[in-house]
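Residue-level listing of the chains:
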Amino acid sequence: VARLALYRHGALGESFEQIAGDGAGMVVAYQEVAYGAPIGKEVSEVDIATWVTRVGRTSFDVAYGVHANDQECAIAVTSMVLVDIASGRPQKIDDRARLILEHFAGPPIDVRARRVG
């Protein structure tokens, strides 16, 4: 849900989804999560920070930090590939879409080492 909110954010007048176009889709190519602390049933709300750590020719990476009660509960990274829905083939991220993604740029994340930056 946090990743979808990032795509739909219209910070530059258009969202990434609008710029990618009707014939484009996104698929998860890779995901890695490190859990740090449980989110207990008494927790009613969590904070999730999302940012883009890399933009390639046809793919990009999104990082996440999940916090509840001022405690880091998880960090994660997802590699996404932009695809042409009709052919299923990777689609180039054009300059306008790249600009949207780079607007949300942040530090890289090393899930295995549990480090951001």
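Residues numbered from 1 in each chain as written. Predicted model: local features only at pLDDT ≥ 70, side-chain atom pairs only at ≥ 80, totals over all residues. Heavy atoms only, no water.

Enquirer: Lay out the side chain of E32 in plain terms, naming residues and giving numbers.
Expert: Position of E32 among the secondary structure elements: in strand β1 (residues 24-35). Within the local environment of E32, its side chain forms a polar contact with the side chain of Y30, the two groups lying 2.9 Å apart. Side-chain polar atoms of E32 contact the side chain of R112, separated by 3.4 Å. Those residues in contact with E32, other than ones at most four positions away along the chain, are I75, A76, V77, V111 and R112. (Helix = DSSP H or I, 4+ residues; strand = E, 2+ residues; numbered from the N terminus. Polar contact = N/O pair within 3.5 Å; in protein donor to acceptor, adjacent residues only side chain to side chain. Contact = heavy atoms within 4.5 Å.)

Enquirer: Provide a residue-level description of the sheet that holds β1, including the pertinent values.
Expert: Strand order across the open sheet formed by four strands is β1-β4-β3-β2, with antiparallel pairing between neighbours. Of all the strands in the sheet, just β1 and β2 (47-55) have a single pairing partner and so form its edges. The mean inter-strand angle of the sheet, taken between neighbouring strand axes irrespective of direction, is 25°. (Pairing = 2+ DSSP bridges. Axes fitted to C-alpha atoms, helices over the stretch in contact; angles between N-to-C directions.)

Enquirer: Give a detailed account of unusual backbone geometry, specifying residues and quantitative values.
Expert: Peptide bonds are mostly trans, and most non-glycine residues show a negative phi. A positive phi angle is found at N69, which is not glycine, with a value near 50°. The topology assignment puts N69 in the loop between β3 (59-68) and β4 (71-84). Overall, N69 belongs to the exposed group, its relative accessible area being 62%. The backbone of D70 sits at a positive phi, close to 60°, despite the residue not being glycine. Within the fold, D70 resides in the loop between β3 and β4. (Buried < 20%, exposed > 50% of the residue type's maximum accessible area, 1.4 Å probe, protein only.)

Geometric descriptors of this kind do not, in isolation, establish any biological role.
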